[in-house]
Amino acid sequence: MCRLLAYLGSPVSLEPLLYKPEHSLVVQSYQPREMLSGVVNADGFGVGWYHLQKDIEPFTYKSTLPIWNDINLPNLSRYIESRCMLAYVRSATAGQALDFSNCQPFEYQRLLFTHNGRIDKFRQTLYRPIRSQLSDEIYQWIKGTTDSEHIFALLLSQRQANPDKSLEQVLQITLLKLQELAQSYQTDVFANVIISDGHRLIASRFSTKSPAPSLYWTADHPTFPKSVIIASEPLSTGNWIPCSENSIISVGEDCDIQIAQI
């Protein structure tokens, strides 16, 4: 299980999001409170963000080091500003390689994607069934071996197959497809995901077996006015609202929030 963080709102540097809160993402890397499995998140990290002025593809900074061991990120986080950011710290599933191709956020064109959770016995169960659902283009796009990247690949293929559907609808189609496959192959899927195109955040708290991994949101936090933050665990005191299980949370450009059950 990893820990996720996403921000959408007024321009802010990365430092107050990643480092300053008392239970920041850095603290969650070595002292998480609500993980369903694992003890620490020491198997790498990644940050993705969008340019303040230019409508271009996002930037990412990734490492296989524990986030607390990276000497460059503190300075970068003071310099980089964005209206939209995704980040995660990784606790690798046993058997999955610790390399850059498996580091999140994953990116495709303007989309950034992070996943917290797992597909139980992924290589033995849904690895080939998911790949059989992919378009040729997306099949060739995959670089790593994680269940996380394959969930994103399935979403991208469903998006290509349903061009008239919104990203929220495509995410729901993808999660229901994963549920169907999990039932067929007698496994379980835990899929807290966050997706962004730089203008919106779309997240899910989803599992085929309760409890789902933890996920919270807060709007107009005193430290981050005119914003919405979604995180695996609250970063600080304040009005952090638990996302209901098997739901999709959509945050619009004006930080309006819509929640729908799957």
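Residues numbered from 1 in each chain as written. Predicted model: local features only at pLDDT ≥ 70, side-chain atom pairs only at ≥ 80, totals over all residues. Heavy atoms only, no water.

Student: Please clarify how the pattern of salt bridges should be interpreted in this entry.
Tutor: One side chain can pair with another of opposite charge once the charged atoms of both are near each other. Tallied over the entire structure, the rule returns 10 salt bridges. As a salt-bridge pair, lysine 62 and glutamate 107 come within 3.4 Å of each other at their nearest N and O atoms. In this pair, lysine 62 sits in strand 3 (residues 59–63) while glutamate 107 sits in strand 5 (residues 106–108), placing the two residues 45 residues apart along the sequence. A salt bridge links glutamate 180 to lysine 177; the shortest N-O distance between them is 3.8 Å. Of the two residues, glutamate 180 and lysine 177 both sit in helix 7 (residues 167–184), 3 residues apart, roughly one turn of that helix. Looking at glutamate 180, the relative accessible area reads 43%, which means it is partly exposed. Among the charged side chains, a salt-bridge network with shared partners connects Glu168, Asp197 and Arg200. (Salt bridge = Lys/Arg side-chain N within 4 Å of Asp/Glu carboxyl O. Helix = DSSP H or I, 4+ residues; strand = E, 2+ residues; numbered from the N terminus. Buried < 20%, exposed > 50% of the residue type's maximum accessible area, 1.4 Å probe, protein only.)

Student: In this structure, what is going on with the pairing of strand 12 (residues 247–251)? I would like to understand it.
Tutor: On a regular strand, each side chain points to the face opposite its neighbour's, so the side chains alternate between the two faces of the sheet. With 5 of its 5 residues buried, strand 12 lies for the most part within the structure. Because side chains alternate across strand 12, one face comprises the buried residues Ser247, Ile249 and Val251, and the other comprises Ile248 and Ser250, equally buried. In this sheet, strand 12 lies alongside strand 8 (residues 201–205) in antiparallel orientation, the contact comprising 5 bridges. Paired with alanine 203 across the two strands is isoleucine 249, which belongs to strand 12. In terms of strand pairing, strand 12 meets strand 13 (residues 257–261) through 5 bridges, oriented antiparallel. From the neighbouring strand, isoleucine 249 faces strand 13, where its bridge partner is isoleucine 259. Adjacent in sequence and paired antiparallel, strand 12 and strand 13 are bridged by 5 residues, among which cysteine 255 carries a positive phi angle near 65°. (Pairing = 2+ DSSP bridges.)

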